[in-house]
Each structure stands twice: as structure tokens, then as C-alpha cells.
Amino acid sequence: MATFPATGPVTLRTNLADSALSKALKAGEIETPLVNWDFAGPATANQGFKPMVREGKFTAGELAIVTYMQALDYGKPLVLLPATMVGRFQHQFFVCRKERSPMDPKTLEGKKVAVRSYTQTTGVWVRGILQDEYGVDLNKLKWLCWDDPHLAEYTDPPQLVERAPPGGKNLNQMALDGDVDAVIPAADLLANPEMRTVIQNPEETARAWGEKYGCGHINHMFAVHRDLPKERPDVVKQIFAALKESKARAGLPKSGEIDQLPMGLEACRKSLELVTRYAYEQKIVKKHYKVEELFDDVTIKLV
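1. A word on the overall build of the chain
Turning to step 1, where the next piece is worked out: Looking only at helices and strands, the chain has 9 helices and 11 strands in total.
Turning to step 2, where the next piece is worked out: Over its C-alpha atoms the chain spans a radius of gyration of 19 Å, differing by no more than 12% from the 19 Å that the globule rule assigns to 303 residues.
Turning to step 3, where the next piece is worked out: When its C-alpha atoms are laid out on the principal axes, the chain stretches across 60 × 45 × 30 Å.
Turning to step 4, where the next piece is worked out: Buried residues in the chain amount to 52% of all 303 residues.
Turning to step 5, where the next piece is worked out: For the chain, the proportion of contacts with a sequence separation of at least 24, taken over those separated by at least 6, is 78%.
Turning to step 6, where the next piece is worked out: Counting only carbon and sulfur atoms, one obtains 50% of the accessible surface of the chain, whose full area is about 13,300 Å².
Turning to step 7, where the next piece is worked out: Looking at charge distribution, the chain has the averaged site of its 39 positive side-chain charges lying 2 Å from that of its 39 negative ones.

2. Some details on the packing of aromatic side chains
Turning to step 1, where the next piece is worked out: Scanning the model with the defined rule gives 6 aromatic pairs in all.
Turning to step 2, where the next piece is worked out: Judged by centre distance (5.8 Å) and plane angle (85°), the rings of tryptophan 125 and tyrosine 278 are edge-to-face. A residue pair is termed long-range when its members are at least 10 positions apart, and tryptophan 125 in helix α4 (residues 121-134) and tyrosine 278 in helix α9 (residues 265-281) qualify at 153 residues. The same class applies to tryptophan 125 as to tyrosine 278, namely buried.
Turning to step 3, where the next piece is worked out: What links up through ring pairs into an aromatic cluster is the set Phe89, Trp125, Trp209, Tyr213 and Tyr278.
Turning to step 4, where the next piece is worked out: Sitting over the ring of phenylalanine 39, lysine 26 keeps its end group 5.4 Å from the ring centre.
Turning to step 5, where the next piece is worked out: Taking the ring centre of tryptophan 143 as reference, the NZ or CZ of arginine 127 above it sits at 4.8 Å.

3. Brief notes about the packing of α4 against α9
Turning to step 1, where the next piece is worked out: One can describe the packing of α4 onto α9 by two numbers: an axis separation of 9 Å at closest approach and a directional angle of 90°. Considering their axes alone, α4 and α9 lie roughly perpendicular with respect to each other. For the pair formed by α4 and α9, the contact residues are Val124, Trp125, Gly128, Ile129, Gln131 and Asp132 on the first element and Ser271, Leu274, Val275, Arg277, Tyr278, Ala279 and Glu281 on the second.
Turning to step 2, where the next piece is worked out: Residues belonging to the contact of α4 with α9 are distributed by class as follows: 7 nonpolar, 3 polar and 3 charged.

4. Quick look at the side chain of asparagine 15
Turning to step 1, where the next piece is worked out: Positionally, asparagine 15 belongs in strand β1 (residues 10-15).
Turning to step 2, where the next piece is worked out: Among the residues examined, asparagine 15 registers a relative accessible area of 0% and is labelled buried.
Turning to step 3, where the next piece is worked out: At 3.1 Å, the side chain of asparagine 15 and the backbone oxygen of alanine 45 are in polar contact.
Turning to step 4, where the next piece is worked out: If sequence neighbours within four positions are ignored, asparagine 15 has contacts with Gly41, Pro42, Ala45, Gly48, Phe49, Phe58, Ala60, Gly61 and Glu62.

5. Description of α4
Turning to step 1, where the next piece is worked out: Here α4 spans 19 Å end to end across 14 residues, near enough to the 20 Å set by a 1.5 Å rise per residue.
Turning to step 2, where the next piece is worked out: Here α4 lies mainly inside the structure; 10 of its 14 residues are buried.
Turning to step 3, where the next piece is worked out: When we look at burial in α4, the residues that qualify are Thr121, Thr122, Gly123, Val124, Trp125, Val126, Arg127, Gly128, Ile129 and Leu130.
Turning to step 4, where the next piece is worked out: Looking at the residues trailing α4, positive phi occurs at glycine 135, about 70°.

6. Remarks on the state of the cysteines
Turning to step 1, where the next piece is worked out: A full pass over the atoms with the stated rule returns 0 disulfides.
Turning to step 2, where the next piece is worked out: Among the cysteines around cysteine 145, which has no disulfide bond, cysteine 96 carries the closest sulfur, lying 18 Å off.
Turning to step 3, where the next piece is worked out: According to the relative accessible area criterion, cysteine 145 is buried, its value standing at 0%.

7. Some remarks on the nonpolar core
Turning to step 1, where the next piece is worked out: Core analysis: the biggest nonpolar cluster contains 87 residues, and Ile65, Phe222, Ile239 and Leu272 have the highest contact counts within it.
Turning to step 2, where the next piece is worked out: With 7 residues, α9 is the single largest residue contributor to this core.
Turning to step 3, where the next piece is worked out: Once residues lying within four places of it in the same chain are set aside, the contact partners of isoleucine 239 are Leu12, Val35, Trp37, Leu81, Phe222, Val224 and Leu228.
Turning to step 4, where the next piece is worked out: Counting 12 residues, the second largest nonpolar core, distinct from the first, contains Ala114, Leu144, Leu171 and Ala175.

8. Details of helix α6 (residues 202-213)
Turning to step 1, where the next piece is worked out: Here α6 is 12 residues long and its end C-alpha atoms lie 16 Å apart, about the 16 Å a rise of 1.5 Å per residue gives.
Turning to step 2, where the next piece is worked out: Considered for burial, the residues of α6 that qualify are Pro202, Ala206, Trp209 and Gly210. Around the axis of α6, the buried residues are gathered within 100° of arc, so they sit on the same side. Exposed residues on α6 whose side chains face more than 90 degrees from its buried face are Glu204, Arg207, Glu211 and Lys212.
Turning to step 3, where the next piece is worked out: On its buried side, α6 packs onto α4, β10 (195-197) and α9.
Turning to step 4, where the next piece is worked out: Looking one or two residues past α6, glycine 214 carries a phi angle of roughly 70°, positive in sign.

Rules behind the numbers
Residues numbered from 1 in each chain as written. Predicted model: local features only at pLDDT ≥ 70, side-chain atom pairs only at ≥ 80, totals over all residues. Heavy atoms only, no water. Helix = DSSP H or I, 4+ residues; strand = E, 2+ residues; numbered from the N terminus. Rg over C-alpha atoms; globule rule 2.2 N^0.38 Å. Buried < 20%, exposed > 50% of the residue type's maximum accessible area, 1.4 Å probe, protein only. Contact = heavy atoms within 4.5 Å. Areas by Shrake-Rupley, 256 points an atom, 1.4 Å probe, with all protein chains shown as cover. Lys, Arg positive; Asp, Glu negative; His and termini not counted. Charge placed at Lys NZ, Arg CZ, Asp CG, Glu CD. Phe/Tyr/Trp six-rings, centres within 6.5 Å; stacked < 30°, edge-to-face > 60°. Lys NZ or Arg CZ within 6 Å of the ring centre and 35° of its normal. Axes fitted to C-alpha atoms, helices over the stretch in contact; angles between N-to-C directions. Parallel < 35°, antiparallel > 145°, perpendicular 65-115°, else oblique. Nonpolar A, V, L, I, M, F, W, Y, C, P; charged D, E, K, R; others polar. Polar contact = N/O pair within 3.5 Å; in protein donor to acceptor, adjacent residues only side chain to side chain. Expected span 1.5 Å × (residues − 1). Disulfide = S-S within 2.5 Å. Core = buried A, V, L, I, M, F, W, Y, C linked by side-chain atoms within 4.5 Å. Arc of directions from axis to C-beta.

What follows is the structure, encoded as C-alpha cells:
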């Protein structure tokens, strides 16, 4: 059981990537007298997710929302703050080779799609969009995956997931060579002239989706060791306030744009209601979590 000092500052080993939101906080521009930040995470935040949920390497930091729900499934000592660290519409992060025509979401049934990991939050959102907006039967897709889940206890559904052969081509190269029909790619593939998005006019379609559902797509949120709110609620409140201030100093959201980095339970609710449903329907979590179940008595009240 974690024990934090009863008074005074608390040192938190933290996994938090550089971003517009985190810039002011990580630069020391925001005073947090109750928190000594030890920004010890890797440059790419998702590389710290496994150590966080498997080894307890970090006591605070950003965590993919789907990984967090799986952590709840397996009793990991973490609790969520209603503070979004990464959010974006996912429509553009689903591509195929240009010559694969016709290729639209519905024609993917019976085909093979590549993704880094079946439990990746971006993949969960993409599959939810395919199902809800295009009527795709997700049981008719086969997913080729490279990485194992962040949670060692979870096993990918074998009827849906095929493991990429070790030592073979990487995800992007398979997509470029036409070995798979579509891919949720590493970012550098998005601009490749040989590729196009499966969902046509992704920016326009994403805006329409946001207007329809009244939210964006939450990817990463901030989590802490579950004992911290119990032992030091004052520290947790200061963490949340600091994250809000850092976001405000970044000028986010920009005028006229949907807030992809919502803060507070009600601001996050619509997006969380969708992703909790998708994760359950896709057999990634054991239960359909209510939004309130993602928080504790302290963090649920943060606004």
C-alpha cells in the first residue's frame, strides 16, 4: 500500500509527454507547492503505460482511457482524474492504399486490418465509428497486431486477432506493400502519397460527428495511485488545478473548435459514455463501466 507524507509536498514519479497542454506545467511556470514533479516518463507517453499498470513504475501521469478501464478490471491501484491529456477525432487515422478501390468502411467486412495493438484506444474509437456510423459488423474483421496488451492479464480474442510474425515487416511496411487491406498506422504513414483515408473527407466527417454527439474522442487522461486521493486529497486538487491552468495558458481550446481536452466529469461525460460502451462491446473490458465508476469520491468532484 502506498504511503504518502501526511503534510507538505509529495514527490510524484510522473509519466507526462510534452504537449501544448503540459508545456507550462513541465516548464515550471505553474506553482504547485504540494507537488514535487519527477517527470521520469519516456518521450512517448504510451511507452510508459505498460510500466505504469504492470510494475507501478509511475505514481501519476497520463494513461490511455481503455488501458485504464482494463486496469480497473484487474484491480490495479490507480484512479482517474477527469482531466484529458490527449484527445482528437480518429477519422483520419484509418488508411489504405489508394488503388484499393472501392474501399469504404462497409467493404472492410471479411478483410484484414493492421493495428499496433487490438486494445489501443484509437482502434477502439475507429471500430466504434465503423459500427455505429457505417453499420460494419465488427465480428467480420480480422485484426493483425504487433504488440501485446498493456495489461498482461488480458488475452486478445483469438477469433478476431492474429499476431504478426516476429521479425517480419512492421505495420507501416505491410500497409505500403498491400499485405493488409487497411491500417491504423504509425503517424508518419498518414502523409504518404500512396495512402488515403478509408473514411472519405475525414475532417468534414469528424466535424459532423462532433456536432452529432456533442464531444470529441478522449484518448489519454490523467491517473494517480489510488491511495493519493484517500491520503492527500489536497494534493489531488492541486494537480487538477495545475493541469487546468496549463491548458488555459496554452490557449486551448482554440476559438470555434470543439474542446478535445475536456476537464471535469460533466465535460468528459459524453465522450466517456461512448468509449466505455465501445470497449465493452469489443470484448476489451469485462463490464460496461458507468462513467462514475471510473473515479473515486475525491476525483469525481474535481471541476
